[in-house]
Each structure stands twice: as C-alpha cells, then as structure tokens.
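# Topology and contacts: notes
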Amino acid sequence: MKRNMLALTYRDILCTLFLCLTCSAQKLPGRDPNLVQSLYNRLPAQDLPAIPDGAEIAGFLMRDIPRRYYFIVEEDISPVTVTVTPCEAPLQWTLTLQVLPDQPRGEGSGESEHLHLQMDPQPPVSGESVELFSYRGNDVESYAAAESPAGIYSLELVSIERDTIFNIYATTTPGSDQAYPKLPSDPRLGVTFVHHTSMSLVWKPSPTISQLQQPAQYCVVINREHNYKSLCAVEAKLRESTHSKRVWWPDMDRGMPESLRLNAMVNHPTFSARSTTFSTDRQGEIRKTCTGTKHVLTVSHLRPSTQYYVDVFIVNLLTNISAAYIGTFVKTKDEVKHNVLELKGGRVMEIPIKPGASRTLQYRPVSSHYVVTVSLHSCYQPVRVQIRQNRRLVANQHVEGVKHFQFVGKPKARYQLRLKADKTGRTLVKVHMTTHRDKQPFPSLPRDTRLKVFDRLRSCSSLTVAWLATREPNKYCIYRKRVTDRETSSELQNHCLDPTTRSKSEKVSCQYFSGSSSQKAVMTERVEGLEPGTTYQLDVYVIGQGRHSVKYQSKKVRTRMTC
C-alpha cells in the first residue's frame, strides 16, 4: 500500500516502522523489533532525504559531492522500480540494499527485470548491504525487480562534470501507478513537409491519451545542437539561457529541513511542464511548444539550409512526469536565390514585375543614420511588399498607390525588399529609399483618393468635381478626356504617368493648395466646354516638392443630354 512520505525524513520513517513492528498485531514474522532499532541506531543521524513511494522528486547536486536518498520496502517479495533522470550533466548513481535483520534466508528474493543487472540467485544475508545496480551516463535509466526483499534501499548519486539537477522516481506498485505516460508501439517521429523556412511533424498518439484518456499533453522541442533525452534537460537549458545568474535551489539551503526542501523543489515553478506557451532560447535557438492532445505540428520561421533536431515528449498532467519519443533531425531546404538589385539612396527606380512574379532589391546606407524611409508607388495593381532589416521581417503588407515606411536606423544595417505581383496583371513599382526623412519624392495622398461629381451641378456642358487634399503644399492639376463607355485605355490605368504625357487640350487647370487641417482640405473645380450626352474621364494629379506626381482614382461621368 502506497504511503505519502514526502514530508518524512529518514529518521521519521524508521521511527514509524519501529512503532509498527512493536505495537501492531500484524508485525512482520521472524523480525525482532530490537534488531530494527539497533540498525536504526547505526545509521547516520543527519537529516537524510527520503524518496516518497510513487512520486517523482527533484534534486540538486554539486560536482563530485555525493548525495544519498533512502526509501524502505516493508514487505518481502515486493516489486521495486527506481528511475533516475539526469537533467543537465551525466550522473554516476548506485542502488544498494540493506536487508532488515532476522529475515529468513530464501524468502523475498527475485530476479531483476533490468537488462543490465541480474541479482545474485542467493538471497542477501540479513543485515548486510548489497549493490543492486550502478549506472554512469546521461540517459534516463531504471532499475526494476519483480520480487525484492524488504529492507532499506539506498540511492547514491554523484555529478561527474558540473553542478546539476536531476529527478528520481521510486515505487513499489509499478503496475498500478502508471506515473509515466505510455508511448505508442512505434514512437518514431514523422516529417511530412520540409520547406526552406518551415517543416510539418506528425507522430502516433500515446495510449495514455487515445486509450486511457488520462490528462496529458505533447510538447515539441526543436534546436540546432542535439536531441534531448528528457524534458527536464530542455527546461534546464532554457533556464540557463534566461537567467544570467544561477537559480536559487531550495535543495542547496542546508539549514532548511529536508521535508521542506523536497516540497519546495517539487513545487518550484521552473519545473512545470504544463505551460503551452512558446519558449525560445535565441542564442541556441531552442524552441519548446506544447500542442495539447494534437499530434501534428507545423513549425515556421526556421533558417534555410539548417539542420534542426526535433524531440517530442508526452507529459502526464497529474504527475508532471514525461516520456520521450525517439527524436529525429531535419535539414531545411536551401533558400531560393533571386537576382538582387542594388538600390542607391535618394534615387527613384522603376521596377517592372510580371504577373505572379517577384523582384528582390537591396539597400545599404553608406553612412550612419537615425531613420530609413522607404517610399513605394504602385502604378497599376496592388503589390505585396516584404521588408527585412538585417534578415528580420519588419513590414509585410499589400501596397496600393503610395505608401511610406520609416524604420529606426542601425549601424551597418542592410535592408532587403521583396516585391510580388498578383497573377491578374502586370505591375510597375516606383521605389525610393533614403536616410533623410524630409526628402520624400512622392507627395502624400489622403486616405480617400476618389473623385466626386455633384449630380445637381451636372449640365449639358459642364461638371463640378471635388476631391480631398492634404495639409502639405502641393500642386494639383485636373485633366479631362473624351472616352467611350467601353473604353479602358492602358495609359490611363497607369497611376505613375506624369501629367506632361497628356495632351495640352486635355488639361483643365492647375493650382497650388495647402489645407489648414485635414477636415478642411477639400478642393473643387468646375469643368466647362463639354459636349452634351458625352462620357468623359476625369483625372487629378498631385505634384510634390520632388517633382514626382501621383494620380487620384479616375472618374467617368456623362454630361446631360438636354438641359
């Protein structure tokens, strides 16, 4: 029967056992309480940590300083399982048994189930200490015996390389505990898709979730160094990168009672594996994310042509104990290289793009700067724009008409622009980059670039048109052109065409304007000399200080047939 021993010390355990042997009517046969008391008196008097039956505890080791843990098996022929999980560094650990006195020879012995150990077929002599198992390394290793004698089991651990943390699990009821989540029959990971910046993973569901329906979740870990054998090793690496100083471990406070230290270690927030948030160590690029009960995941924002190590852990949310799938490694594909066009600061470049194609541009400021201004003018159709500063994505959106971007400058920064056209038609983009925030070639436009024709003021020979302006002092020119109802001139669809390309007969007027406020920046113009019942296309151009013009949306309107 499992006993809660978390808050008990070794001395408390032996006292309890001694009272049971002396006072209980169901005392163990053939065992003298005085001999148990004499064994208790021979053991060290210091506060020694006890391992609770059926629970996992955490501990801390200083390099080359051994530490012992104890637990007692009260009944003969009991199954015993001990699992040690190194988290940061390799461990050397040894499990020994001190048989209680007056145990009849030939009873309570059994063969070890562990692959590395077969217990001596002869049962241990009462009162002597027997080494049951020893291991050195950083794997999650277990000792398991189906039938073990009653006695005091001692676990000694030593850290080989450096100070480290570890987990211990011990139980005498391994069949009913089910503390560790179960792995599927095929615990390998599958990779269904690999791109130059992403990959898709899949793995078979754990019976703990699919069959037993116990509360558990999957956690995926990706890094560029190596596979991890335990989840606590991952969390230790994340803590090491997050905190510049070593975390204070309750286990290191020798003045604290052992029972309180154990409780503090188990409840320490850095040991929690239930979080579903995304954790990242930027220096080593170790990523941890928990997917709940979903056994598929797509990982993005990876580096091209880079090998990543992938591990999946199933975590029991009741015990916080985890089991590891077989890890794998994946190399992302090489990045597709595009012809990169170098941009010169302060110059406007026209970039034609075919339907569905893309162009890549690069800009390197020649001197130190505080701000970088990127100005784009899409001439035909909207274009998808991605801007990176030193490979970091800083802008990603569609641009229609004129758009200005400003970024805080960085020493020796490199800017890369990727322009992608829609598949519906060709695109022409004017691009300008500068480190002078006041030198913008394209004039600013209001949010609404539509032209409005007042229907009540529409006659057989004249129209009245209005549009929104800006507060900046700019020059506005209005043009008219007679068109048919079905005519769609490709030249008139180009918003980047300069008004000087238009015929002088199409020009109505030009005027300078600067609004006192955005609400009052409204301009109107009366267009006269039109023919009755005729369709005209009206265009308004705004010309800024850099002599580059931007066209408002065209407006088709028909004069009245009769007045």
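Computed from a predicted structure; not experimentally measured.

### A short note on the overall build of the protein
- Looking only at helices and strands, the protein features six helices and 34 strands.
- Across the 563 residues that make up the protein, the buried fraction comes to 48%.
- For the protein, the proportion of contacts with a sequence separation of at least 24, taken over those separated by at least 6, is 76%.
- With the model as given, the accessible surface of the protein reaches about 29400 Å², and the carbon-plus-sulfur share is 49%.

### Regarding the pairing of strand E8 (residues 164-171)
- Within E8, eight of the eight residues are buried, leaving the element largely enclosed by the surrounding structure.
- Relative to E8, strand E1 (residues 55-61) runs antiparallel, the two sharing seven bridges. When the sheet's bridge partners are listed, Gly59 is paired in E8 with Phe166.

### A few points about the packing of aromatic side chains
- The final tally for this structure, using the stated rule, is eleven aromatic pairs.
- Consider the rings of Phe71 and Tyr153, whose centres lie 5.2 Å apart with planes at 20°: the pair is stacked. You can see Phe71 sitting in strand E2 (residues 67-73) and its partner Tyr153 sitting in strand E7 (residues 151-159), a full 82 residues away along the chain.
- Relative accessible area serves as the criterion here: at 6%, Phe71 is assigned to the buried category.
- By relative accessible area, Tyr153 is classed as buried at 0%.
- With a centroid separation of 5.6 Å and an interplanar angle of 70°, the aromatic rings of Trp203 and Tyr218 are classed as edge-to-face. A residue pair is termed long-range when its members are at least 10 positions apart, and Trp203 in strand E10 (residues 199-203) and Tyr218 in strand E11 (residues 216-223) qualify at 15 residues.
- Looking at Trp203, the relative accessible area reads 3%, which means it is buried.
- A relative accessible area of 0% places Tyr218 in the buried class.
- Taken together, the aromatic side chains of Trp93, Phe133 and Tyr143 make up a single cluster linked through ring pairs.
- Positioned over the ring face of Phe405 is Lys403, at 5.8 Å from the centre of the ring.

### Overview of the state of the cysteines
- Taken as a whole and assessed by the stated rule, the structure comprises four disulfides.
- What pairs with Cys219 in a disulfide is Cys290, and their sulfur atoms sit 2.0 Å apart. Residues Cys219 and Cys290 are joined through a disulfide that is right-handed, its torsion about the S-S bond being 90°. Of the two residues, Cys219 is situated in strand E11 and Cys290 in strand E13 (residues 286-292); the sequence distance between them amounts to 71 residues.
- In this structure Cys219 comes out as buried when scored by relative accessible area, which is 0%.

### A closer look at the pattern of salt bridges
- By the definition in use, this model includes 15 salt bridges.
- Here Arg458 and Asp455 are joined by a salt bridge, their closest N and O atoms 2.8 Å apart.
- For Asp455, a relative accessible area of 44% translates into the label partly exposed.
- Between Glu506 and Arg502 there is a salt bridge; the shortest N-O distance is 2.7 Å. Each member of the pair Glu506 and Arg502 is classed as buried.
- Ionic contacts of the salt-bridge type, sharing partners, join the residues Arg502, Glu506, Asp539 and Lys551 into one network.

### A look at the confidence of the model for the protein
- For the protein, per-residue confidence averages 79 on the pLDDT scale, and 76% of positions sit at 70 or higher.
- When the criterion is pLDDT under 50, residues 244-278 qualifies, and its contacts beyond four places in sequence or with other chains add up to 83 contacts.

### As for the sheet that holds strand E9 (residues 189-194)
- Spatially, the three strands line up as an open sheet ordered E9-E10-E14, and their pairing is antiparallel. The outermost strands of the open sheet, each flanked by one partner alone, are E9 and strand E14 (296-299). Each strand axis lies, on average, 20° off the axis of its neighbour in the sheet, ignoring direction.
- As defined by bridge partners, E10 adjoins E14 across four bridges and the pair is classed as antiparallel.

### Here's the deal with the sheet that holds strand E31 (residues 522-527)
- Taken in spatial order, the three strands line up as E27-E28-E31 in an open sheet, and their pairing is antiparallel. With partners counted over all chains shown, the strands left at the sheet margins are strand E27 (452-453) and E31, one partner each.
- As paired elements, E27 and strand E28 (residues 463-468) share two bridges and run antiparallel to each other. Following the sheet pairing, Val453 is matched in E28 by Val465.

Definitions and limits used
- Residues numbered from 1 in each chain as written.
- Predicted model: local features only at pLDDT ≥ 70, side-chain atom pairs only at ≥ 80, totals over all residues.
- Heavy atoms only, no water.
- Helix = DSSP H or I, 4+ residues; strand = E, 2+ residues; numbered from the N terminus.
- Buried < 20%, exposed > 50% of the residue type's maximum accessible area, 1.4 Å probe, protein only.
- Contact = heavy atoms within 4.5 Å.
- Areas by Shrake-Rupley, 256 points an atom, 1.4 Å probe, with all protein chains shown as cover.
- Pairing = 2+ DSSP bridges.
- Phe/Tyr/Trp six-rings, centres within 6.5 Å; stacked < 30°, edge-to-face > 60°.
- Lys NZ or Arg CZ within 6 Å of the ring centre and 35° of its normal.
- Disulfide = S-S within 2.5 Å.
- Salt bridge = Lys/Arg side-chain N within 4 Å of Asp/Glu carboxyl O.
- pLDDT = per-residue confidence, 0-100.
- Axes fitted to C-alpha atoms, helices over the stretch in contact; angles between N-to-C directions.

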